[in-house]
Amino acid sequence: MFGLEKPAGQQKPGRSGGFPNMASVGDFNVLSSSIPATKVELSVSCRNLLDRDTFSKSDPICVLYTQAIGNKEWREFGRTEVIDNTLNPDFVRKFIMDYFFEERENLRFDFYDVDSKSPNLSKHDFLGQMFCTLGEIVGSQGSRLEKSIVGIPGKKCGTVIVTAEELGCCRDSVLMQFCANKLDKKDFFGKSDPFLVFHRSNEDGSFTICHKTEVIKNTLNPVWQAFKISVRALCNGDYDRTIKVEVYDWDRDGSHDFIGEFTTSYRELSRGQSQFNVYEVINPKKKGKKKKYVNSGTVTLLSFLIETEVSFLDYIKGGTQINFTVAIDFTASNGNPSQPTSLHYMNPYQLNAYGMALKAVGEIIQDYDSDKMFPALGFGARLPPDGRVSHEFALNGNPQNPYCHGIDGVMEAYYRSLKSVQLYGPTNFAPVINHVARYAASVKDGSQYFVLLIITDGVISDMAQTKESIVNASKLPMSIIIVGVGPAEFDAMEELDGDVVRISSRGKFAERDIVQFVPFRDYIDRSGNHVLSMARLAKDVLAEIPEQFLSYMRVRGIKPSPAPPPYTPPIHVLQTQI
């Protein structure tokens, strides 16, 4: 893996043909099989929202929160786009969630009227909220839940409609481009400002919005930019499902004028540019009133290109190795290890907070590590014999070979270190991040990817340097998982996570999001001795790694190597003498 070269005798014989040290694909099923989850996509619409703007209508956004199973804290899951000037938004951006059949997942949908570009929700007007469970949505008739929005005393806040659809496993995307001709003129002084809205049909005959094009100003013959959409979003892998396309004339006040509509299907669109893909735009009201009505213009498909998305597993099958390094916080803020209140308490009968987090998270990630040899580092302690403070020391005491065998080996080295080092400070993350970054910088060809797991109490001293290290590392094949232990506020860790605001240093933004923060207390019971759901912990710890991994490969244009053919033993032909 990395650190320094492994001593002879620690290399594993090659499995899977010509790839030494490659994890066989079988190793990777351990994780997926332990997560009995289905992916569901939630679509959100509102009707009759509160109007908070004086001269126009509200500009709503929906923010989804999920509730931790341990301490019941609400955590932001994601946000839709903002839709200007409407009290009846149909949000295009969906929430894709894992649905665990055996667990109750509480959800909270908050609505705001957005007044500025600030990502800080307290700067915007609150429009109310709705509470439900994921099971409630999935279990409603047609998986469509309609509920009143509450939260502002004495006011009717409108209703929210949340629809769930189980996602198919289709991995294709399509790149499509459309143009239109002779659309109806809707504006008094100029021509129309047309845009297209795509909807996929649902089994109950209703429609779900899945894409909006940009607006082309002042033309009846627009050519829209090509756009990419996943086949899952367009028709959930069902090639014959109806796709409805509406054509609108954009108006600044949000009351867009309906020009007309047409229907098609993925199968029809996949024929590409041809006479079959020129559609008459029909306005049913006009058609009913005017005998001579022909159409409100035509829309033509200009191009249709299918792209198969490669997955994380395609790279693993092709021999990419995942290398994990573990770094443990040995600073004094964790408390004296001889005291029961310490997060590092050396209890002979049960694991302390660090031991529990290390074991639970480590068992999850070791399935993804090619050779189960982990460099294990500590930071923020005084080391024997001279008491020098180190921010990257080998837990096994051997800087030339910091590898431990499996998570059990890391646990053993961790407990041994606790007995010999003195907890000190300050809490500097940058040195261990830079340590892993040095190795990641030496292999940028896609053959290896590095993951640093930092376990910490969340008190950080070198925030500026850490941000700089993360921004630099975002160009490298690496990700960082931070697991927070203990009861502290983890605001600094949330900031490093960069899900809401992309992390930056000295005006330079991270090329991609590479940090995933998980507060361990969300997954343990009140006594702190028992992990409530290993499946959910596994999902959240690894949630962002595949996408972070793929974003690196995509930006660098690295394609997965072909998987080696399955090994078949040579057949010895017995030659019989005549």
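Keep in mind it's a predicted model, so treat the numbers as computed, not measured. (Residues numbered from 1 in each chain as written. Predicted model: local features only at pLDDT ≥ 70, side-chain atom pairs only at ≥ 80, totals over all residues. Heavy atoms only, no water.)

J.: Whenever I open this one, the sheet that holds strand 10 (residues 194-201) confuses me. Can you help?
T.: By way of backbone hydrogen bonds, the strands of a sheet pair with one another, either parallel or antiparallel. The strand order across the open sheet formed by four strands is 11-10-13-14, and the pairing between neighbours is antiparallel. Of all the strands in the sheet, the pair left with one neighbour each is strand 11 (207-212) and strand 14 (257-265). Neighbour to neighbour, the strand axes of the sheet diverge by 30° on average, direction disregarded. Looking at chain direction, strand 10 and strand 13 (residues 242-249) are connected through seven bridges and run antiparallel. In the strand pairing of strand 13, arginine 200 is matched with isoleucine 243. (Pairing = 2+ DSSP bridges. Helix = DSSP H or I, 4+ residues; strand = E, 2+ residues; numbered from the N terminus. Axes fitted to C-alpha atoms, helices over the stretch in contact; angles between N-to-C directions.)

J.: What is the right way to look at the packing of aromatic side chains in this model?
T.: Within a pair of aromatic rings, the relevant descriptors are the distance that separates the centres and the angle that separates the planes. Counted according to the given criterion, the structure contains 19 aromatic pairs. When the ring of tyrosine 248 is compared with that of phenylalanine 258, the centres are 5.7 Å apart and the planes differ by 65°; the resulting orientation is edge-to-face. Taken as a pair, tyrosine 248 in strand 13 and phenylalanine 258 in strand 14 lie far apart in primary sequence, ten residues in all. Pairwise contacts between aromatic rings join Phe312, Tyr315, Tyr449 and Phe549 into one cluster. It is lysine 244 that lies over the ring of phenylalanine 207; its NZ or CZ is 4.4 Å from the centre. (Phe/Tyr/Trp six-rings, centres within 6.5 Å; stacked < 30°, edge-to-face > 60°. Lys NZ or Arg CZ within 6 Å of the ring centre and 35° of its normal.)

J.: Honestly, the sheet that holds strand 2 (residues 60-67) in this entry has me stumped. Any pointers?
T.: The antiparallel open sheet is built from four strands, whose spatial order is 3-2-5-6. Each edge of the sheet is formed by a strand with only one pairing partner; in this case those strands are strand 3 (74-79) and strand 6 (125-133). The mean inter-strand angle of the sheet, taken between neighbouring strand axes irrespective of direction, is 25°.

J.: Explanation requested: the packing of helix 7 (residues 353-365) against helix 8 (residues 406-420) in the structure shown.
T.: A pair of packed helices can be characterised by two numbers: the angle between their axes and the separation between those axes. Two numbers describe how helix 7 lies on helix 8: the axes approach to 10 Å, and their chain directions differ by 160°. On the basis of the axis angle, helix 7 is roughly antiparallel to helix 8. At the point where helix 7 passes helix 8, the crossing takes the right-handed sense. Within the contact between the two elements, helix 7 uses Tyr354, Gly355, Leu358, Lys359, Gly362 and Glu363 and helix 8 uses Ile407, Asp408, Val410, Met411, Tyr414 and Tyr415. (Parallel < 35°, antiparallel > 145°, perpendicular 65-115°, else oblique. Left-handed = near helix turned anticlockwise from the far one by under 90°. Contact = heavy atoms within 4.5 Å.)

J.: What's the story with the nonpolar core in this structure? I'm lost.
T.: As a rule of thumb, soluble globular proteins bury nonpolar side chains together. Counting residues in each nonpolar core, the largest one holds 55 residues, and the members touching the most others are Phe330, Phe520 and Leu537. For this core, the element with the most residues is helix 7, which contributes eight residues. Formed by 30 residues, the second largest nonpolar core is a distinct cluster that contains Leu452, Ile454, Ile460 and Leu476. (Core = buried A, V, L, I, M, F, W, Y, C linked by side-chain atoms within 4.5 Å. Buried < 20%, exposed > 50% of the residue type's maximum accessible area, 1.4 Å probe, protein only.)

J.: Would you take a moment to explain unusual backbone geometry for this structure?
T.: The bulk of non-glycine residues show a negative phi, and the bulk of peptide bonds are trans. A cis amide bond links proline 384 with the next residue in sequence, proline 385, at an omega value of 0°. With respect to the helices and strands, the residue proline 385 is situated in the loop between strand 19 (381-383) and strand 20 (388-390). Cis peptide bonds are those with omega within 30 degrees of zero, and the linkage from glycine 425 to proline 426 qualifies with -5°. Within the fold, proline 426 resides in the loop between strand 23 (422-423) and helix 9 (430-442). Residue asparagine 85 is not a glycine yet carries a positive backbone phi of 55°. For asparagine 85, the location among the structural elements is in the loop between strand 3 and strand 4 (95-100). If you check the backbone angles, arginine 506 has positive phi at about 50° while not being a glycine. Structurally, the position occupied by arginine 506 is in the loop between strand 26 (504-505) and strand 27 (508-509).

J.: Hey, could you run me through the confidence of the model for the chain in this one?
T.: For any part of a model where pLDDT is low, the fine detail of the predicted coordinates should not be relied upon. Overall, the prediction assigns the chain a mean pLDDT of 86, with 90% of residues at 70 or greater. Segment residues 1-36 is flagged for pLDDT under 50; beyond a separation of four residues in sequence, or across chains, it makes 81 contacts in the model. (pLDDT = per-residue confidence, 0-100.)

J.: In this structure, what is going on with the pairing of strand 10? I would like to understand it.
T.: Each regular strand carries side chains that alternate between the two faces of the sheet. Taken across its eight residues, strand 10 has eight buried, putting it largely inside the fold. Of the two faces of strand 10, the one carrying Pro194, Leu196, Phe198 and Arg200 and the one carrying Phe195, Val197, His199 and Ser201 are both buried. The pairing of strand 10 with strand 11 spans five bridges and is antiparallel. Residue arginine 200 lies in a different strand from strand 11, and its bridge partner there is threonine 208. The antiparallel hairpin formed by strand 10 and strand 11 contains five residues in its connecting segment, where glycine 205 sits at a positive phi of about 90°.

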